[in-house]
Amino acid sequence: MIPGKELLVKCPHCGEEKSLSQMLSGNNIGAEQWSDLREFAPMCPQNSPVQKCPKCGGYYFLSRLPKDSKRNGEEFSSFEQGWLSFEEALQAMKEIESPTEEEMLTLYILAVWAYNDIVRCCRWGEGEAPTESQKNEFLALVTGILQDKRILQNMKDIKNMIFAAELNREIGNFEEAISILSQYNSEEDLIEYEVLTSTKVRRWWGGYTTKYGSEKRYKKGCREYIVKAILAKAQEKDSDIFLLSQ
Ligand SMILES: [Zn+2]
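Residues numbered from 1 in each chain as written. Predicted model: local features only at pLDDT ≥ 70, side-chain atom pairs only at ≥ 80, totals over all residues.

Caption draft 1: View of the nonpolar core. Judged by nonpolar contacts, the single largest core of 40 residues is most densely connected at Ala 89, Leu 110, Ala 111, Ala 114 and Ala 165. Put simply, the parts of the chain that give this core at least two residues each are β8 (59–61), α1 (86–95), α2 (101–123), α3 (132–146), α5 (158–170), α6 (174–181) and α8 (213–235). The dominant element in this core, judged by the number of residues it contributes, is α2, at eleven residues. For Ala 111, the contacting residues outside a window of four places in its chain are Phe 86, Ala 89, Leu 90, Met 93 and Leu 141. (Core = buried A, V, L, I, M, F, W, Y, C linked by C-beta atoms within 7 Å. Buried ≥ 20, exposed ≤ 12 C-beta atoms within 10 Å, placed from the backbone. Helix = DSSP H or I, 4+ residues; strand = E, 2+ residues; numbered from the N terminus. Contact = placed C-beta atoms within 7 Å.)

Caption draft 2: Layout of the packing of α2 against α3. Across the interface, α2 lies against α3 with an axial gap of 11 Å and an inter-helix angle of 150°. In terms of axis orientation, α2 runs roughly antiparallel to α3. Like other packed secondary-structure pairs, α2 and α3 cross with a definite hand, here left-handed. From α2, Tyr 108, Ala 111, Tyr 115 and Ile 118 reach across to α3, where they touch Gln 134, Phe 138, Leu 141 and Ile 145. For the contact of α2 with α3, the residue count by class is seven nonpolar, one polar and no charged. (Axes fitted to C-alpha atoms, helices over the stretch in contact; angles between N-to-C directions. Parallel < 35°, antiparallel > 145°, perpendicular 65-115°, else oblique. Left-handed = near helix turned anticlockwise from the far one by under 90°. Nonpolar A, V, L, I, M, F, W, Y, C, P; charged D, E, K, R; others polar.)

Caption draft 3: Region of the structure containing the environment of Cys 53. Considering the arrangement of structural elements, one finds Cys 53 in the loop between β7 (50–52) and β8. Taking the C-beta count within 10 Å as the criterion, Cys 53 has 20 such neighbours and is therefore assigned buried. Expressed as a C-alpha distance, the spacing of Cys 53 and Cys 11, which sit 42 residues apart in the sequence, is 6.2 Å. Sequence-distant contacts of Cys 53, that is, excluding residues within four places in its chain, are made with Cys 11, His 13, Cys 14, Glu 16, Lys 18 and Gly 58.

Caption draft 4: Main features of the packing of α1 against α2. At a minimum axis distance of 8 Å, the contact between α1 and α2 shows a crossing angle of 165°. Taken together, the axes of α1 and α2 are roughly antiparallel relative to one another. By crossing handedness, the relation of α1 to α2 is classed as left-handed. Along its contact with α1, which presents Phe 86, Ala 89, Leu 90, Ala 92 and Met 93, the element α2 presents Leu 107, Leu 110, Ala 111, Ala 114, Tyr 115 and Ile 118. A class-by-class count of the residues in the contact of α1 with α2 yields eleven nonpolar, no polar and no charged.

Caption draft 5: A look at α5. Along its 13 residues, α5 runs 18 Å from first to last C-alpha, staying within 8% of the 18 Å computed at 1.5 Å per residue. Of all 13 residues that make up α5, eleven are buried, and the element is covered over most of its length. If you check which residues of α5 are buried, you get Ile 158, Met 161, Ile 162, Phe 163, Ala 164, Ala 165, Glu 166, Leu 167, Asn 168, Arg 169 and Glu 170. A positive backbone phi angle near 90° is found at Gly 172, which sits one or two residues after α5. (Expected span 1.5 Å × (residues − 1).)

Everything listed is a geometric property; what it means functionally is a separate question.
Structure below.
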C-alpha cells in the first residue's frame, strides 16, 4: 500500500474542509468480506461515500461534490475514512435531499453496515452489543428497505438480489431469503457482468473501478460463493452476520 496525500473535501453546507485518506496504490492482502457485503481491506482503505461535516454536522455524498470542492492537501498522514455510526447513517437518510435510486441504495447499505459494525466490534471485543432500541431501529430499517419498491422490485439486478436475501436472513425471514436466492443463475451473472465490465464497472456502493478479465471472473466467483454461503446459513436458520472465507 502506498498512501497518497490527504484528500480535502469541502462541505456543501458550510464550506468547511475535511481531510480524508487517499491511496496511490493498494492491494487486497488481509481483506475480509462479510455476508452483508461489507469489506475490510487494510491495505486498500476506502472512504465512506457519505460524509458528515465535522463543523456543521451536515451530511453529503462525495460523488455530488463539484470538482473544485476536492483537492489534494499537503499531508500524507490522513487515515480518516469518515464511516458513519448507525445513528448518523439513519440521520443522513432523513437529511439528504432528493436521493436518486442509486444513492438511496447506498444510504440503505451504509445504515445496515453501520448497525452490523456494532455487532462486529462487539465480537472483536471492541464495544458493547446493540441495545434493544438499536435492534428495534434496525428491524424497522430493514422492514422499510424490503418494502421499498424503487430499490428491490428488480430482482434481476444481482446486487439487489443478494442484498435483499441477506436482509431477509438477518431478520429471520429464512424462507424468503432462500426463495430470492433460488433466482440466482450463475450463467446469467457472467453474461450480465461481462457486458457491464467491458471497460469500467460501477462498484456496488458507488465509485468506479477498472476491471480486467481475471478480476471479472474472480468477482463472479465471489458472488457465487456468497450466494451459496448465505443460502446455507438461511437453510440452517442462522441470522447472524458471518465472515466469508474462500
Ligand atoms: Zn459543514
